[in-house]
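Chain by chain, the residues:
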Amino acid sequence: MGLENSKTLTLAEWKSRAAELKIETGLFINGTYTDAKSGARFDSINPATGKIVASVSCGDEDDIDRAVASAKSAWKEGSWRFMDPRDRMAVLIQLAELIGENSEELALLECLDMGKPITDVLTIDLPEVIVSFRYFAECIDKISGSVTNTAADALHMILKEPLGIVGAISAWNYPMLMAVWKVAPALAAGNCVVLKPSERAPLSCLKLAELFISAGGPPGVFNVVNGMGHVAGKALALHPDVAKISFTGSTATGKLIMTYAGQSNLKRVALETGGKSPQIFMSDLEDLDKAVDYAIGGIFDNAGQVCNAGSRLLVHRDIQDAFIRKFIEKSKRAYQPGDPLNPQTTLGPLVTKAHQQDVLDKIARGVAEGAELLIGGHIPEGMEQGTYVQPALFNNADNRMSISREEVFGPVATIIPFQSEEEAIAIANDSDFGLAASVWTRDLNRAHRMVKAVEAGVLWVNCFGDGDMTQPFGGYKQSGNTRDKSIECLLGYTQSKSAWINLGS
Ligand code: NAD
């Protein structure tokens, strides 16, 4: 069933399909499913129900060794990196097709494994996964080197070559998409890949690797090893045969990945880490209703489990009361917790019980530090079987409070009022993070000034979260050191070779 047809299914139909779902749980190495060498397994828990979805093979150092060896032999054999670029393109385009054809199964896996509302998977995650493979596939024969302007007795060519084996370590908040933002450009550039998905959402990426083989990809080129971060992830980041680690996750783990690279083979390290993004609402903004709609989506989509979540709402004091009134009224309508399998549900649970507790603790700290909790912040009534948190809005917070400084990674918005443009910029930049930001104003000059002044990798003016694959995505400061999406990202999976050819006698 294709993506569009999947969108027509009812809750009853999704439930019956979930009951019949056959779930692959092995590691995917050298084109086939295999158990972890130790036989170890861990449970995938559905956060909406607390029930076990599947028992999944838990890889360790030995399994990472097996996967890297398989990638290494595929790399040496060369059928992927030396494949005619248009043929390599055809494999990835076919993979995008197969993802569409298998969207029902992939959507179910994502929904059951991490609790994401099924409609979000079908309208956000899967379309973006498909477009990512298409975009990077289409780039394959556009990667070119150059010939430089040398003296007549020499020819100097700069070639763009793949790196070798890329280790990808990904987060659980968009389990397929965060992995694909690494895997697709790495494969497009001709590398072999070993992916270690998050242990909190291990299922969907296995299916992607299987579909890569069905699309005509050679065995060993794309391997998936599930397992614990501090074991399998660490082994991958320390592995001497891995040329680059591309990581998405917390800033704390990103720092560890850098040390592992230094302790091993000085592999390249690309980090996409946390955020505390400001959405800045100037008093001269054009349309308060539209601004508030974006503000709400910017923090409550995916239950706030978004790296660039606009969790700091910097609101000009002149519009603060009107902003709050609209925010409360609209957010109550827009985000109601429910069964993620129900196509009407807009707010799913948080990914685990431990994460739910962490979010509740951070809310309690915000209250203790003196921020005014206007709505939410509790477990919604009747939803106690899952790990839900009712979307929360704090008012009159100070930028020094923990609720303004630490990433919550849950549905928690914090209003920090300001009086002037300079003050707004100072507050926005007073953060360890710099992933994204938005500015709402009708003054074009102000918009230009603020785009330049705000320290963030992604800046939105009069919107939040908009964009396409041409947009480099990544952060300033401790939000990371690289960019996903875009040609810039693709080039990060290549290296330059300077070939100087002596033409003299
Ligand atoms: P996490 O750091 O706990 O885990 C991320 C990945 O790292 C997982 O696969 C995990 O198994 C692995 N890992 C954990 N410890 C490791 C270790 N010692 N060595 C190697 N690998 C290890 O993060 P998370 O909870 O999965 O994800 C949430 C975080 O990800 C948030 O901070 C969020 O902002 C960030 N994130 C960033 C982006 C971005 O593009 N900047 C996108 C999504 C999520």
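Quick look at the structure, then. Values in this document were obtained by computation on a predicted structure and should not be read as measured data.

What counts and what doesn't
- Residues numbered from 1 in each chain as written.
- Predicted model: local features only at pLDDT ≥ 70, side-chain atom pairs only at ≥ 80, totals over all residues.
- Heavy atoms only, no water.
- Pairing = 2+ DSSP bridges.
- Helix = DSSP H or I, 4+ residues; strand = E, 2+ residues; numbered from the N terminus.
- Axes fitted to C-alpha atoms, helices over the stretch in contact; angles between N-to-C directions.
- Contact = heavy atoms within 4.5 Å.
- Parallel < 35°, antiparallel > 145°, perpendicular 65-115°, else oblique.
- Nonpolar A, V, L, I, M, F, W, Y, C, P; charged D, E, K, R; others polar.
- Near = heavy atom within 4 Å.
- Polar contact = N/O pair within 3.5 Å; in protein donor to acceptor, adjacent residues only side chain to side chain.

1. Observations concerning the sheet that holds strand E16 (residues 412-418)
Then step 1. With respect to topology, 7 strands assemble into an open sheet ordered E14-E15-E16-E13-E12-E18-E19, the strand pairing being mixed. The open sheet has two edge strands, strand E14 (372-375) and strand E19 (458-461), and neither has a second partner. Direction aside, the axes of adjacent strands within the sheet are offset by 20° on average.
Then step 2. Note that strand E18 (residues 436-440) and E19 share 4 bridges and pair parallel. Within E19, the position partnered with Ala 437 by the bridge is Leu 459.
Then step 3. In this fold helix H11 (residues 288-300) packs onto strand E12 (278-281), strand E13 (312-316), strand E15 (392-395), E16 and E18, with an angle of close to 170° to the strand it touches most, E12.
Then step 4. Those strands touched by helix H15 (residues 421-429) are E12, E13 and E16, and its axis lies near 145° from that of E16.

2. Overview of the packing of helix H5 (residues 103-114) against helix H8 (residues 204-214)
Two measures define how a pair of helices packs: the angle their axes make with one another and the distance between the axes.
Then step 1. The geometry of H5 relative to H8 is characterised by a closest axis approach of 9 Å and an angle of 155° between their N-to-C directions. Taken together, H5 and H8 sit at an angle that is classed as roughly antiparallel. On the side of H5, the interface is formed by Glu 105, Leu 106, Leu 109 and Glu 110, while H8 contributes Ser 204, Lys 207 and Leu 211.
Then step 2. Residues belonging to the contact of H5 with H8 are distributed by class as follows: 3 nonpolar, 1 polar and 3 charged.

3. As for the site of the ligand
Then step 1. In the vicinity of the ligand, 31 residues are found, and the nearest of them are Lys 196, Glu 199, Ser 250, Thr 253 and Glu 407.
Then step 2. Here an oxygen atom of the ligand and a backbone polar atom of Ser 170 are 2.8 Å apart.
Then step 3. Note that an oxygen atom of the ligand is positioned 2.9 Å from one of the side-chain N or O atoms of Trp 172.
Then step 4. Considering only residue class, the shell around the ligand consists of 13 nonpolar, 12 polar and 6 charged.

4. Points about the sheet that holds strand E6 (residues 154-162)
Then step 1. Strand order in the open sheet formed by 3 strands is E5-E6-E21, and the pairing between neighbours is antiparallel. On the outer flanks of this sheet lie strand E5 (146-147) and strand E21 (494-502), each paired with one strand and no other.
Then step 2. As paired elements, E6 and E21 share 9 bridges and run antiparallel to each other. Bridge pairing in E21 links Leu 159 to Lys 497.

5. Brief notes about the side chain of Thr 494
Then step 1. Locating Thr 494 in the fold gives a position in strand E21.
Then step 2. Side-chain polar atoms of Thr 494 contact the backbone oxygen of Leu 491, separated by 2.7 Å.
Then step 3. Beyond its immediate sequence surroundings of up to four residues, Thr 494 is in contact with Lys 160, Glu 161, Pro 162, Leu 163, Ala 189 and Arg 268.

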